[in-house]
Amino acid sequence: MVSDVDAAAAALPALTTWEALSDQAHVTAGQRLLIRGGTGAVGAFLTQFAHEMGAEVTVTVTSASAEARARGLGADHVVVTAPYSEASDLQAFDVAIDAVGGDVPEWMYASVRPGGQLVVLQEPPSQKLADKYGIRAFFFVVRTRRDRLEELAALIAAGQVEVTIAQTFPLSAGKAAYESGSLPKPRPGKTVILVP
Ligand SMILES: NC(=O)c1ccc[n+]([C@@H]2O[C@H](COP(=O)([O-])OP(=O)(O)OC[C@H]3O[C@@H](n4cnc5c(N)ncnc54)[C@H](OP(=O)(O)O)[C@@H]3O)[C@@H](O)[C@H]2O)c1
């Protein structure tokens, strides 16, 4: 059984994650993967699924509480950084994925080994920076797949994946829910409106 709230919060991030790891970057077991923002709505699925795929997973987070959560999700290595700070010591990853949003910092491009891949979820990346570091950098827009939604439902129902939910609002507070999009969230994850 999957709750309505979990279903609403999980579908887009999980589909995005599968598409990034499997269809776009073709991540394989043993590869070194960096996830910037490894405990957000998408980042938490990236961490869990990449771990299941056998990748060596390094994630960045911005707090000690997020560090513990990232380890619980399956991260092999966790780097705690201040928001927007440099992490220039992160190097030679086969694949790096930016799951934070906003501008992609240059150190993310530099973290990928020559010939490796940078996946950007929020907007098309800089081709100039990709060429500078000799990497493939790309953006995609998630597509719906019924088979993956069915697999996701089974994983959630079996308690084998965690869904990351920041907050919920009753439908009667729909305006506040909408306005919360421009405010800091109490925690990373999806905002869900409860429809009676
Ligand atoms: N291309 C597509 O089809 C597609 C589909 C879905 C989502 N997206 C995009 O994916 C991105 C992530 O979405 P989401 O729903 O997962 O967001 P989210 O739940 O808010 O997660 C954001 C993550 O970024 C981290 N973070 C926030 N501010 C930071 C900062 N200043 N420096 C470093 N880390 C920071 C947070 O970690 P801490 O708690 O450690 O701060 C959190 O892990 C968005 O840009 C969204 O538009 C794209």
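The coordinates are above.
None of the values given here were measured: they were computed from a predicted structure.

K.L.:
If you had to explain the sheet that holds strand β4 (residues 93-98) to someone new, which residues and values would you point to?
P.N.:
Ordered by their spatial adjacency, six strands build an open sheet running β3-β2-β1-β4-β5-β6, and the pairing between neighbours is parallel. Taken across any chain shown, the strands that pair with only one partner, and hence form the sheet edges, are β3 (77-80) and β6 (136-139). Averaged over all pairs of adjacent strands, the angle between their axes in this sheet comes to 15°, without regard to strand direction. With five bridges joining them, strand β1 (residues 32-36) and strand β2 (residues 56-61) adopt parallel strand pairing. From the neighbouring strand, R32 faces β2, where its bridge partner is E56. Against the sheet, helix α3 (residues 64-73) makes contact with β2 and β3, and its axis sits at roughly 165° relative to β3, the strand it touches most.

K.L.:
Describe the site of the ligand, and please don't skip the residues or the numbers.
P.N.:
With respect to spatial proximity, 25 residues lie near the ligand, and among them A41, V42, T62, F140 and V142 are the closest. Contacts to the ligand include K190, whose side-chain N or O atom sits 3.1 Å from an oxygen atom. Considering the ligand on its own, with 940 Å² of exposed area, one finds that the protein chains cover 80% of that surface. Of the residues contributing to the shell around the ligand, the split by class is 14 nonpolar, eight polar and three charged.

K.L.:
Explain the environment of P124 residue by residue, including any values.
P.N.:
Structurally, P124 can be placed in the loop between β5 (112-120) and α5 (127-133). Taking the C-alpha atoms as reference points, P124 and V104, separated by 20 residues in sequence, lie 9.9 Å from one another.

K.L.:
So what's going on with unusual backbone geometry? Residues and values would help.
P.N.:
Despite not being glycine, H26 shows a phi value in the positive range, around 50°. By the element assignment, H26 lies in the loop between α1 (4-24) and β1. For H26, a relative accessible area of 52% puts it in the exposed group. A positive phi angle, close to 65°, is found at A92, a residue other than glycine. Structurally, the position occupied by A92 is in the loop between β3 and β4. A92 sits in the partly exposed class, given a relative accessible area of 42%.

K.L.:
Quick one: what's the story with the environment of A177, residue by residue and with numbers?
P.N.:
Position of A177 relative to the elements: it lies in helix α7 (residues 174-179). Separated by 15 residues in the primary sequence, A177 and E162 place their C-alpha atoms 23 Å from one another. Contacts of A177, omitting those with residues within four sequence positions, involve F169 and I193.

K.L.:
Explain the side chain of Q167 to me, and be specific about the residues and the numbers.
P.N.:
Checked against the element boundaries, Q167 lands in strand β7 (residues 165-170). Judged by its relative accessible area of 16%, Q167 falls in the buried class. At 3.0 Å, the side chain of Q167 and the side chain of T191 are in polar contact. Apart from residues no more than four positions distant in its own chain, Q167 is found in contact with S180, K185, P186, K190, T191 and V192.

Here is what the cut-offs are and how they apply
Residues numbered from 1 in each chain as written. Predicted model: local features only at pLDDT ≥ 70, side-chain atom pairs only at ≥ 80, totals over all residues. Heavy atoms only, no water. Pairing = 2+ DSSP bridges. Helix = DSSP H or I, 4+ residues; strand = E, 2+ residues; numbered from the N terminus. Axes fitted to C-alpha atoms, helices over the stretch in contact; angles between N-to-C directions. Contact = heavy atoms within 4.5 Å. Near = heavy atom within 4 Å. Polar contact = N/O pair within 3.5 Å; in protein donor to acceptor, adjacent residues only side chain to side chain. Areas by Shrake-Rupley, 256 points an atom, 1.4 Å probe, with all protein chains shown as cover. Nonpolar A, V, L, I, M, F, W, Y, C, P; charged D, E, K, R; others polar. Buried < 20%, exposed > 50% of the residue type's maximum accessible area, 1.4 Å probe, protein only.

None of the figures reported here should be taken as evidence of function without further support.
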